[in-house]
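The primary structure of each chain is shown beneath.
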Amino acid sequence: MKKHHFTSLTPRETVEELDKYVIGQAEAKRSVAIALRNRWRRQQVEPPLREEIAPKNIIMIGPTGVGKTEIARRLAQLAQSPFLKVEASKFTEVGYVGRDVESMIRELTQLAVNMVEKEEEGLVQEQARALAEERLLDLLLPPQSARPTSHGSSNVIELGYSTADKSAADSAGSTRERFRAMLRRGELDERSLELDMPTKGTGPSVEVFTVPGMEEMQNSMQEAFSKMFPGKKEKRQVKVPEALEYLRREEAERLVDQGTVAEKAIRRTEQTGIIFLDEIDKIASRGGSGGSSAEVSREGVQRDLLPIVEGTTVSTKYGPVKTDHILFIASGAFHMCKPSDLAPELQGRFPIRVNLHALGEEEFYRILTEPQNALIRQYTALLATEGIELEFEDAAIREMARIAMQVNQKTEDIGARRLHTIMERVLDEISFTAPDRDSGKMVVRADYVRAQLEDISANEDLSRYIL
């Protein structure tokens, strides 16, 4: 069977990977792990049934700072999929000033193109490097007729070797090989040469004004104008390593077939793309608010979003993209409304609903210590650059977790984001004086944490502004 660009991680393996970065929320992790595996399973099904299997889109419901975005972002990294996070509240109904919903598909396609381009360039790196080396040697050693003489000059810079030295070489070929060996050994790294390179900021700047919802036409017109006024090149003196890197990139771009890149990128967008629709509760209708203009606009965005989610074809500059099999993961706090306040048709396109729970003291303690990118590890690494070996006692970490939960209860619950504020306050004095301190070990104890935070956390008014 034909292999596809899909991860074959089992749901259990996916959850284990997510556990390295996200604490708790087992139900949400299970749901996204199953959704990811179902995409792989779908590719194993023979057509035409394969085309009939739609993705099971997910709504994550939970307060801010509990891991909704992080789960989706890490999932995309695991799947090596084009991933786009958009705020649902940023979109407006077609005909109003603002972004139209189709722009998210165009952005997702552009991300896929960038991914495929990088992969394709990786495949031709050796060939591009060899071609760049030959071009650089041509610049260093031009044909005999172009070499400088006592009566003329050349654009190629003298490298400190006299004409007598060059003529003493056995042949032009051996001279080229001698320069090649010197280039590879880095002996020419401090030399400069003249190279035609594009100038920055040249050519007319074209601003195309179009009616809302016509961004694709605007992009096409701007691209056409840029081709009519191509960027100029100028001769610049650059070091040999910089010249080699520029020539390598130029050769890699030339070796990559852009038609193939576009084709692969569209296929990857259609089959593996993930769109994370944040704040979807902001476009839900609020019961009892009447028919205000804001209400009409929210309903309009839902109507525009519906065909994208259920499957339509969006035109992009790389070609038409079908959205039938793009996975949509929506999230929202739903404080002021419920998922049932969304349009019924849109609700039906998000069959899986997952509740994410507010985080408590124990989860905060684990967030500070367990993940691979845990805050304790981050701050320890940062202060190690100043020669300070920072160590946190277990009691100090538990005290920070306790105070974070306490402040969240007293003021606004912002979830794990509160830990960033707490850590900054605790380490404020150490961070400020670190360059002036002697190198060595510093232990953060529970009483130090209390001394830094107790006055602020006890005063609710101060907490609102500082923590």
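Everything numeric in this text was worked out from a predicted model, so none of it was measured. (Residues numbered from 1 in each chain as written. Predicted model: local features only at pLDDT ≥ 70, side-chain atom pairs only at ≥ 80, totals over all residues. Heavy atoms only, no water.)

S.K.: Please give an account of unusual backbone geometry that cites residues and values.
M.R.: Note that the residue after Pro 47, namely Pro 48, is joined by a cis bond; omega there is 5 degrees. Inspection of the secondary structure puts Pro 48 in the loop between helix H2 (26-44) and helix H3 (49-52). For Gln 80, which is not glycine, the phi dihedral falls at a positive 55 degrees. Topologically, Gln 80 is positioned in the loop between helix H4 (68-79) and strand S2 (83-87). Even without a glycine there, the phi angle at Glu 279 is positive, about 55 degrees. As for its position among the elements, Glu 279 is in the loop between strand S5 (274-278) and helix H12 (293-310). The partly exposed category is assigned to Glu 279, whose relative accessible area is 27%. (Helix = DSSP H or I, 4+ residues; strand = E, 2+ residues; numbered from the N terminus. Buried < 20%, exposed > 50% of the residue type's maximum accessible area, 1.4 Å probe, protein only.)

S.K.: Pulling in residues and values, what's your account of helix H5 (residues 103-123)?
M.R.: Taking 1.5 Å of rise per residue, the 21 residues of H5 would be expected to cover 30 Å, and the 31 Å separating its terminal C-alpha atoms lies within 8% of that figure. Burial in H5 covers these residues: Ser 103, Met 104, Ile 105, Arg 106, Leu 108, Thr 109, Ala 112, Val 113, Val 116 and Glu 120. (Expected span 1.5 Å × (residues − 1).)

S.K.: Tell me about the confidence of the model for the chain, and name the residues and values.
M.R.: When pLDDT is averaged across the chain, the result is 81; 78% of the residues are at 70 or more. Below a pLDDT of 50 lies the segment residues 1-6, which in the model reaches 14 contacts outside its immediate sequence neighbourhood of four places, other chains included. Scored below 50 in pLDDT, residues 145-159 makes 18 contacts in the model with residues more than four places away or belonging to other chains. (pLDDT = per-residue confidence, 0-100. Contact = heavy atoms within 4.5 Å.)

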